[in-house]
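Single-letter residue listing:
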Amino acid sequence: MNLLAQRVLSSSLYIEKKKIASIGRGILALVGIEKSDISFDCELIADKLLNYRIFPDDKGRMEKSVLDIEGDILLVPEVTLALQTRKGTRPSFSEAASPDLGKKLFDELSKKIRETHDKLEVGIFGADMEIKLTNDGPVSFLFKSTNLKNNN
């Protein structure tokens, strides 16, 4: 599971020109689910997303998490984060989860985050979405559950 966390001042998600989600200061989190991912990956990624310190303290150092600032999270499924780009000039879907597995794990990840943090908005799995955001920094981090497993 790959998750790109972007620190934002605000973000809104639209489907067919209709706004379906909007957040203020917090994290826009784009998630790509791979065919080898399991429920444990959701736990690892949720914990990292909620507790990683990417927000500044009063001295300007990244010492606060989204929980510390009581910030918002917009979680959006993005299959392209699970695609392979190592060979050639076209991405490969060979490692991406099937739509059924992807939706199941995206829903599990959403539920896991919501258990700790209720300031969560989510995108629609499989939908064509438009996202508007005001990036803060910019500050972005890529988390890979395979790397997190190796460090536990």
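So, how was this worked out
Residues numbered from 1 in each chain as written. Predicted model: local features only at pLDDT ≥ 70, side-chain atom pairs only at ≥ 80, totals over all residues. Heavy atoms only, no water. Axes fitted to C-alpha atoms, helices over the stretch in contact; angles between N-to-C directions. Helix = DSSP H or I, 4+ residues; strand = E, 2+ residues; numbered from the N terminus. Parallel < 35°, antiparallel > 145°, perpendicular 65-115°, else oblique. Left-handed = near helix turned anticlockwise from the far one by under 90°. Contact = heavy atoms within 4.5 Å. Nonpolar A, V, L, I, M, F, W, Y, C, P; charged D, E, K, R; others polar. 1 Å grid on protein atoms, 1.4 Å probe; cavity = no way out; pocket = protein on both sides within 12 Å on 5 of 7 lines; lining within 4 Å. Points joined across faces, edges and corners; volume = space filled by probe spheres on them. Salt bridge = Lys/Arg side-chain N within 4 Å of Asp/Glu carboxyl O. Buried < 20%, exposed > 50% of the residue type's maximum accessible area, 1.4 Å probe, protein only.

Caption draft 1: Seen up close, the packing of helix 1 (residues 39-51) against helix 2 (residues 99-116). It is at 9 Å that the axes of helix 1 and helix 2 come closest, and there the two elements cross at 40 degrees. By the criterion of interaxial angle, the relationship of helix 1 to helix 2 is oblique. As for the relative orientation of helix 1 and helix 2, their crossing is right-handed in sense. For the pair helix 1 and helix 2, the contacting residues are S39, C42, E43, I45, A46, L49 and L50 in the first and K104, L105, E108, L109, K112, I113 and T116 in the second. For the contact of helix 1 with helix 2, the per-class residue count stands at eight nonpolar, two polar and four charged.

Caption draft 2: Region of the structure containing the layout of surface pockets. Computed from the structure, the largest pocket encloses a volume of approximately 330 Å³. Residue lining of the largest pocket: 20 residues in total, with P77, E78, V79, F125 and G126 positioned closest to the centre. Secondary-structure elements contributing two or more residues to the lining of the largest pocket are strand 3 (26-32), strand 6 (72-77) and helix 2. For the lining of the largest pocket, the leading source of residues is strand 3, giving three residues. Within the lining of the largest pocket, the residues separate by chemical class into 14 nonpolar, four polar and two charged.

Caption draft 3: Looking closely at the pattern of salt bridges. Counted by the stated rule, this structure contains nine salt bridges. Among the salt bridges present, the one from D136 reaches R7, with a minimum N-O distance of 3.2 Å. On the criterion of sequence distance, the pair formed by D136 in strand 8 (residues 130-144) and R7 in strand 1 (residues 2-15) is long-range, its members being 129 residues apart. The burial state of D136 is the same as that of R7; both residues are buried. The salt bridge partner of K103 is D107, with a shortest N-O separation of 2.8 Å. With K103 and D107 both in helix 2 and four residues apart, this pair spans about one turn of that helix.

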